[in-house]
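An overview of the molecular structure
These are the residues of each chain, in order.
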Amino acid sequence: METSSTHLLGEPHYSRNREEEEEEEEEEEEEDEEDEKDGVEEDKEEVKDESASEKLRSPGWSPGFYFRSDREVYYYAGQEIFIDGVLDCYAGTVWPGALALCHYLDTHREQLSLVDKAVLEMGAGTGLLSVVAALLGASVTATDLPEVLGKLRANVMRNTRGRCRFSPQVAALSWGQDLESTFPASVYRYDYVLAADVVYHHDYLDQLLDAMKHFCQPGTKVIWANKVRFENDLTFTENFKKAFHTSLLVEHGEMKIFMATCKEEEGEGDLETQDLTSEEEEENEEEGEDEEEESNKELVAEKHNDIDLHNVNTESRRRTEEPIVLEPVREDKEETNKHESDCEEEIEVEEDEETETDGEEEIADIKADEQQDRTPAWVPSIHSRFGRDVYHYVGHDILIHESIDSYGAVMWPAALALCSFLDNNRTKVNMQGKEVLELGAGTGLVTIVASLLGASVTATDLPEVLGNLRANVMRNTRGRCRFSPQVASLSWGQDLESTYPASVYRYDYVLAADVVYHHDYLDQLLDAMKHFCQPGTKVIWANKVRFENDLTFTENFKKAFHTSLLVEHGEMKIFMATCKQKEGERDLETRSDG
């Protein structure tokens, strides 16, 4: 009895000791975890010290972003598609031709079935079109230049892995190469060749057309989507129509989608015509004219039903997408309202007639409501809108809105380099009270920074860019600057002496960032720089070398001016230049100095 009672009494005491031991063990484990955390924090501090030393070696123009949105979410083929963009090349942006073609393929699956078809995309860029084609059942090969393939492959693999019947391939393709040796026609045969917004200011339009003809064999259909921007587009379109049998699938303003087939040899063409004629005669004998009329009516009705179904699907798609918005809805609305109010204030400042602007705003609202139904169907609903970044220069947060539909409305790296240089070298380049002109202002970031540094700035660019440019400049300078910056239209190829006479328009500094790329106006750009660079003017030009054009322009720039290199970091260079005075002016200056 005693033994049993002792045993029973001893169990609670044993359990209490066990609990105390467990508590002690837990305390020891917590102390060990704290020690480990302290060690990790010390390691992190060491890493921070190392990263701080690395920052000293990093380019000074690298900006500190508070908000960065290079990722967009699209919805095609019943799937969400995440696309990461790159601002440092044309191929790293989703252009409107790709959106139009993606929507067309998604909404015309019966008329244009891609299931089990071999598809080649030329100039795939970010890969959105290849992803959509793969999701629609095609075996896709996405091609572009070698330097673009990294981001292209990442986007394609991310959005198709485990979703598609065929794993899409990514391959390098330069249009100007010997395609018969690298892509022999006897081996590489495709049902469809896709191309979207591949026609712009570059020197390879003839090679592009040759590549299309190479891949377009009998039975192949080329589908090319393009938004007309330059004269190059019209010239290429004419050559495209001469090279192929073409039909226009979609036309909405400047946006067009063509389908093309190869022009077969005469014998093949005659044989095909005979076959089609015999088939038509048999169909007419069997069905008769009345049945043809009924079928036509049914097709018309189906088209109307497709339009109605498209509107319904669009609305339902928007409803299903709402719960997965990546950015807070309240924040987007506040930013949108702020942007709209800023634009309204800008109109009031420029016209100084509040009553008239109120009336114009009401009319604009009415017109906007009327035009909602005419919005092109291919415009996507994007969750995370690319193109709103916050930069920090001159002690201010600078909110920049971009537009993916224009080279001039996208932030390029040389602008960041020049802004950082001006902000960090205020003694060397003093902007206080100076008259400054910016050529090719684009989004306006350089103009904003120069204004915040005390300059009286005139930002110039092409007329179609001025809306977004003016909005960005006014939004970020109102109430912050000594001088209100001006925004003006300037085409480099115009007669500048008549529009900007040198006797009237004199500037202390002429700024230009990333204005040299694939376009046909480099000679006019240099002439414009020489026109505005008078005695006492300093031209500061920032550029990242990408193409042979850059090197040629740099040589011509050095010949035209007295130049010095302010910054060089890899392919990024910032030059300062002054005009080469005439002999008489130089002698007069020498005498005055004596």
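As shown above, the structure is provided for reference.
Read on for an overview of the structure. (Residues numbered from 1 in each chain as written. Predicted model: local features only at pLDDT ≥ 70, side-chain atom pairs only at ≥ 80, totals over all residues. Heavy atoms only, no water.)

Regarding the overall build of the protein chain
Helices and strands together make up the secondary structure of the protein chain, namely 17 helices and 18 strands. Looking at the protein chain as a whole, 41% of its 594 residues are labelled buried. Taking the contacts inside the protein chain whose residues are at least 6 apart along the sequence as the reference set, 71% of them involve residues at least 24 apart. Carbon and sulfur atoms make up 47% of the accessible area of the protein chain, which amounts to about 33100 Å² in all. (Helix = DSSP H or I, 4+ residues; strand = E, 2+ residues; numbered from the N terminus. Buried < 20%, exposed > 50% of the residue type's maximum accessible area, 1.4 Å probe, protein only. Contact = heavy atoms within 4.5 Å. Areas by Shrake-Rupley, 256 points an atom, 1.4 Å probe, with all protein chains shown as cover.)

Description of the nonpolar core
Nonpolar side chains tend toward joint burial in soluble globular proteins. Core analysis: the largest hydrophobic core is formed by 42 residues, its most contacted members being Y393, L418, M431, L445, L511 and I540. When sequence neighbours within four positions are dropped, the list of residues in contact with I540 reads L418, V429, Y509, V510, L511, A512, L566, I574, F575 and M576. Ranked by size, the runner-up nonpolar core spans 40 residues in total, among them L99, L105, V131 and L136. (Core = buried A, V, L, I, M, F, W, Y, C linked by side-chain atoms within 4.5 Å.)

A short note on the side chain of T141
The residue T141 is located in strand 4 (residues 139-144) in this model. Leaving out residues up to four positions away in the same chain, T141 has contacts with V119, L120, E121, Q169, A171 and Y190.

Details of the pattern of salt bridges
Scanning all chains against the criterion turns up ten salt bridges. The salt bridge partner of R158 is D84, with a shortest N-O separation of 3.0 Å. Residue R158 is found in helix 4 (residues 149-160), and its partner D84 is found in strand 2 (residues 79-84); the two are separated by 74 residues along the sequence. Since its relative accessible area comes to 34%, R158 is described here as partly exposed. For D84, a relative accessible area of 12% translates into the label buried. Here R165 ties to D116 by a salt bridge, and the two come within 3.1 Å at their closest N and O atoms. With a gap of 49 residues between them, R165 in the loop between helix 4 and strand 5 (169-172) and D116 in the loop between helix 2 (96-107) and strand 3 (118-122) connect regions that are remote in the sequence. (Salt bridge = Lys/Arg side-chain N within 4 Å of Asp/Glu carboxyl O.)

Here we look at the packing of aromatic side chains
Scanning all chains against the criterion turns up 18 aromatic pairs. Seen in terms of ring centroids, F240 and F244 are 5.1 Å apart; in terms of plane orientation they differ by 50 degrees. Their pairing is tilted. Of the residues examined, F240 reaches a relative accessible area of 0% and is grouped as buried. Arranged with centres 6.1 Å apart and planes meeting at 55 degrees, the rings of F240 and F258 form a pair that is tilted. (Phe/Tyr/Trp six-rings, centres within 6.5 Å; stacked < 30°, edge-to-face > 60°.)

What about the packing of helix 6 (residues 205-215) against helix 7 (residues 231-243)?
Contact pair helix 6 / helix 7: the axes reach a minimum separation of 11 Å and the direction vectors enclose 30 degrees. Judged by the inter-axis angle, helix 6 sits roughly parallel to helix 7. Where helix 6 crosses over helix 7, the two elements pack in a sense that is right-handed. The segment helix 6 lies against helix 7, with L205, L208, L209, M212 and K213 engaging N232, F236, N239, F240 and A243. Here the residues of the contact of helix 6 with helix 7 sort into seven nonpolar, two polar and one charged. (Axes fitted to C-alpha atoms, helices over the stretch in contact; angles between N-to-C directions. Parallel < 35°, antiparallel > 145°, perpendicular 65-115°, else oblique. Left-handed = near helix turned anticlockwise from the far one by under 90°. Nonpolar A, V, L, I, M, F, W, Y, C, P; charged D, E, K, R; others polar.)

Concerning the pairing of strand 6 (residues 192-196)
For strand 6, a buried count of five out of five residues is recorded, marking the element as mostly surrounded by other parts of the structure. By the alternation rule, side chains of strand 6 split into Y192, L194 and A196 and V193 and A195, which are all buried. When strand 3 meets strand 6, the two strands line up parallel, connected through four bridges. The residue of strand 6 that forms the bridge with L120 is V193. Bridge count for strand 6 against strand 7 (residues 221-227) is five bridges, and the pairing is parallel. Within the sheet, the bridge partner assigned to V193 lies in strand 7 and is V222. (Pairing = 2+ DSSP bridges.)

Brief notes about the packing of helix 12 (residues 445-452) against helix 13 (residues 466-477)
In the contact formed by helix 12 and helix 13, the axes pass within 9 Å of each other and the chain directions differ by 25 degrees. What the angle tells us is that helix 12 and helix 13 run roughly parallel. In the crossing of helix 12 with helix 13, the sense of the turn from one axis to the other is right-handed. The residues of helix 13 that touch helix 12, namely those facing T447, I448, S451 and L452, are N472, V473, N476 and T477. Its residues placed into classes, the contact of helix 12 with helix 13 shows three nonpolar, five polar and no charged.

Things to note about the sheet that holds strand 18 (residues 572-579)
Strands sit in the order 14-13-12-15-16-18-17 across an open sheet of seven strands; the sheet is mixed. Either end of the sheet is taken by a strand with one partner, and the two such strands are strand 14 (486-489) and strand 17 (561-569). Taking the axes of each pair of neighbouring strands and ignoring which way they run, one obtains an average angle of 20 degrees across the sheet. The pairing of strand 12 (residues 435-439) with strand 15 (residues 509-513) spans four bridges and is classified as parallel. Counted as the bridge partner of L437 is V510 from strand 15. Packed onto the sheet, helix 12 meets strand 12, strand 13 (456-461) and strand 15 and runs at close to 175 degrees relative to strand 13.

Considering the sheet that holds strand 7
Each strand in a sheet pairs with its neighbour through backbone hydrogen bonds, running either in the same direction (parallel) or in the opposite one (antiparallel). Strand order in the open sheet made by the seven strands is 5-4-3-6-7-9-8, with mixed pairing throughout. Since the sheet does not close on itself, it has two edges, and those belong to strand 5 and strand 8 (244-252), each with one partner. Adjacent strand axes in the sheet meet at a mean angle of 20 degrees, parallel and antiparallel pairs treated alike. Bridge count for strand 8 against strand 9 (residues 255-262) is eight bridges, and the pairing is antiparallel. In the strand pairing of strand 9, T246 is matched with A260. Against the sheet, helix 4 engages strand 4 and strand 5, with an angle of about 170 degrees to strand 5. Along the sheet, helix 6 makes contact with strand 3, strand 6, strand 7 and strand 8, crossing strand 3 at roughly 175 degrees.

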